Amino acid sequence: MEKERKLIIVGNWKMNKTVAEALDLVQGLKRELAAVKEVDVVVCPPVTAIADVSKAILDSNIRLGAQNMSEHNGGAFTGEISAGMLKEFSVRYVILGHSERRQHQKECDGLIAKKALAAHAASLRPIVCVGETLAEREADQTKEVVGKQLEGSLAGLTKDQMVETVVAYEPVWAIGTGRNASADQAQTVHAFIRQVLASLFNEAVAKRVRIQYGGSVKSANARELMSQSDVDGALVGGASLEVRSFSDIIKNSI
Ligand code: PEP
């Protein structure tokens, strides 16, 4: 399937996988995906496995991402990890503002914007997550909520930085629930996100930004979701934890 923007499919392993399990998974992905050139494939292991996974994928087409980072460059911030520290392990992408962090760590748009700027300063590409809850969708507030998240979380980025930023639309009600947004629902919100990007930056920037869908993506629904004109990839949780399910999503998206 010919796409305007190169697809980017990212596996978010969340708080799963020991180092040994992580290495097993990437070795399998390397074998399965060696011939894939049409998609940027990224894995985001827990930070404890980043060093080993980084070495294991050196000679492959798989890229490395992190699940979070600090907005600070260094100093007295116990338990935090900076963009510079991630760069030491050749991390290229970082997921920011995932709904689990918005919910459990109370991350707000302002903080996510600071992290996005810190990521760019270290030449990491942020994957900025936005998405409405079920109650917000049912109250017909999806556009209002997503629009506000975009405006707040992307505040201060230059046009050049925005082009190197990935947006992930992840309806909260679809994450880990087995209930994905339909292709139509995803396309509608993705087209809206692109409109918001055009108004915050400009049309040319909006056209170049990759917008991923996330929320119960699996091999059975990947093709239909990825065939939508404004869907430029996927952020995958549960189905990224096994070689077969993650590689099938990628192969079915091409
Ligand atoms: C996610 O956590 O980003 C996600 C999309 O999870 P899942 O694929 O399990 O719904």
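Residues numbered from 1 in each chain as written. Predicted model: local features only at pLDDT ≥ 70, side-chain atom pairs only at ≥ 80, totals over all residues. Heavy atoms only, no water.

S.K.: Outline the overall build of the protein chain, listing residues and values.
M.R.: When its secondary structure is counted, the protein chain shows 12 helices and 8 strands. For 254 residues, the compact-globule estimate of 2.2 N^0.38 gives 18 Å, and the C-alpha radius of gyration of the protein chain, at 17 Å, lies within 12% of that figure. With the principal axes as the frame, the protein chain shows a C-alpha extent of 45 × 45 × 35 Å. Within the protein chain, the proportion of its 254 residues that are buried is 53%. The long-range share in the protein chain, meaning contacts at least 24 apart out of those at least 6 apart in sequence, stands at 75%. Side-chain charges in the protein chain split into 31 positive and 31 negative, and the spacing between the mean points of these groups amounts to 3 Å. (Helix = DSSP H or I, 4+ residues; strand = E, 2+ residues; numbered from the N terminus. Rg over C-alpha atoms; globule rule 2.2 N^0.38 Å. Buried < 20%, exposed > 50% of the residue type's maximum accessible area, 1.4 Å probe, protein only. Contact = heavy atoms within 4.5 Å. Lys, Arg positive; Asp, Glu negative; His and termini not counted. Charge placed at Lys NZ, Arg CZ, Asp CG, Glu CD.)

S.K.: With reference to specific residues and values, describe the site of the ligand.
M.R.: Taken together, 14 residues are adjacent to the ligand, and Lys14, Glu170, Gly176, Ser216 and Gly237 come closest. At 2.8 Å, a backbone N or O of Gly238 approaches an oxygen atom of the ligand. The protein chains hide 96% of the 290 Å² of surface that the ligand would expose on its own. Residues belonging to the shell around the ligand are distributed by class as follows: 4 nonpolar, 8 polar and 2 charged. (Near = heavy atom within 4 Å. Polar contact = N/O pair within 3.5 Å; in protein donor to acceptor, adjacent residues only side chain to side chain. Areas by Shrake-Rupley, 256 points an atom, 1.4 Å probe, with all protein chains shown as cover. Nonpolar A, V, L, I, M, F, W, Y, C, P; charged D, E, K, R; others polar.)

S.K.: Could you give me a rundown of the nonpolar core, with the residues and numbers involved?
M.R.: Ranked by size, the top nonpolar core spans 69 residues in total, and within it Ile193 and Leu197 carry the most contacts. Ranked by the residues each element gives to this core, the list is headed by helix α9 (residues 183-200), at 7 residues. If we skip the residues at most four places from it in the chain, Leu197 touches Leu154, Met162, Val167, Asn202, Ala206, Val209 and Ile211. Within the second largest apolar cluster, 11 residues are counted, among which are Val42, Tyr93, Ile95 and Ala168. (Core = buried A, V, L, I, M, F, W, Y, C linked by side-chain atoms within 4.5 Å.)

S.K.: Which residues make up helix α1 (residues 19-33), and what are the values?
M.R.: Compared with the 21 Å implied by 1.5 Å per residue over 15 residues, the 21 Å span of α1 between its first and last C-alpha is a close match. Residues Ala22, Leu25, Val26, Gly28, Leu29, Lys30 and Leu33 constitute the buried set of α1. For α1, the elements touching its buried residues are β2 (39-44), α2 (50-56), β3 (62-66) and α12 (243-253). (Expected span 1.5 Å × (residues − 1).)

S.K.: Requested: an account of the environment of Ile62, with residues and values cited.
M.R.: The topology assignment puts Ile62 in strand β3. Relative accessible area serves as the criterion here: at 2%, Ile62 is assigned to the buried category. Residues Ile62 and Lys114, spaced 52 residues apart in sequence, show a C-alpha to C-alpha distance of 27 Å. Apart from the residues within four sequence positions on either side, Ile62 is in contact with Val26, Leu29, Lys30, Val41, Val43 and Ile57.

S.K.: Any details on the sheet that holds β2? Residues and values, ideally.
M.R.: Overall, parallel pairing links the 8 strands, which are arranged β1-β2-β3-β4-β5-β6-β7-β8 in a closed barrel. Each strand of the sheet is rotated relative to its neighbour by a mean of 25°, with strand direction disregarded. Taken together, the 4 bridges between strand β6 (residues 166-169) and strand β7 (residues 210-214) define a ladder with parallel strand orientation. Its bridge partner being in β7, Ala168 is matched across the sheet by Gln212. Contacting β1 (7-12), β2 and β8 (233-236), α12 crosses the sheet at an angle of about 170° to β1. (Pairing = 2+ DSSP bridges. Axes fitted to C-alpha atoms, helices over the stretch in contact; angles between N-to-C directions.)

S.K.: Break down the layout of surface pockets for me, with residues and values.
M.R.: Approximately 610 Å³ is the volume found for the largest pocket. Lining the largest pocket we find 22 residues, and of these Lys14, Val47, Gln67, Asn68 and Arg101 sit closest to its centre. For the lining of the largest pocket, the element with the highest residue contribution is helix α4 (residues 99-104), accounting for 3 residues. Here the residues of the lining of the largest pocket sort into 10 nonpolar, 8 polar and 4 charged. (1 Å grid on protein atoms, 1.4 Å probe; cavity = no way out; pocket = protein on both sides within 12 Å on 5 of 7 lines; lining within 4 Å. Points joined across faces, edges and corners; volume = space filled by probe spheres on them.)

S.K.: Can you break down unusual backbone geometry residue by residue, with the values?
M.R.: With a phi angle near 85°, Lys17 is a residue other than glycine that sits in the positive phi range. Its place among the elements puts Lys17 in the loop between β1 and α1. You will see that Asp140, though not glycine, has its phi angle at about 60°, which is positive. If you trace the backbone, Asp140 turns up in the loop between α6 (134-138) and α7 (142-153).

S.K.: Which residues make up empty space enclosed by the protein, and what are the values?
M.R.: Tallying each qualifying case throughout the model produces 1 cavity of 30 Å³ or more. Taken as a whole, the largest cavity encloses approximately 40 Å³ of empty space. The wall of the largest cavity is formed by Gly97, His98, Ser99, Arg102, Cys129, Val130, Gly131, Gln149 and Glu170. Within the lining of the largest cavity, the residues separate by chemical class into 2 nonpolar, 5 polar and 2 charged.

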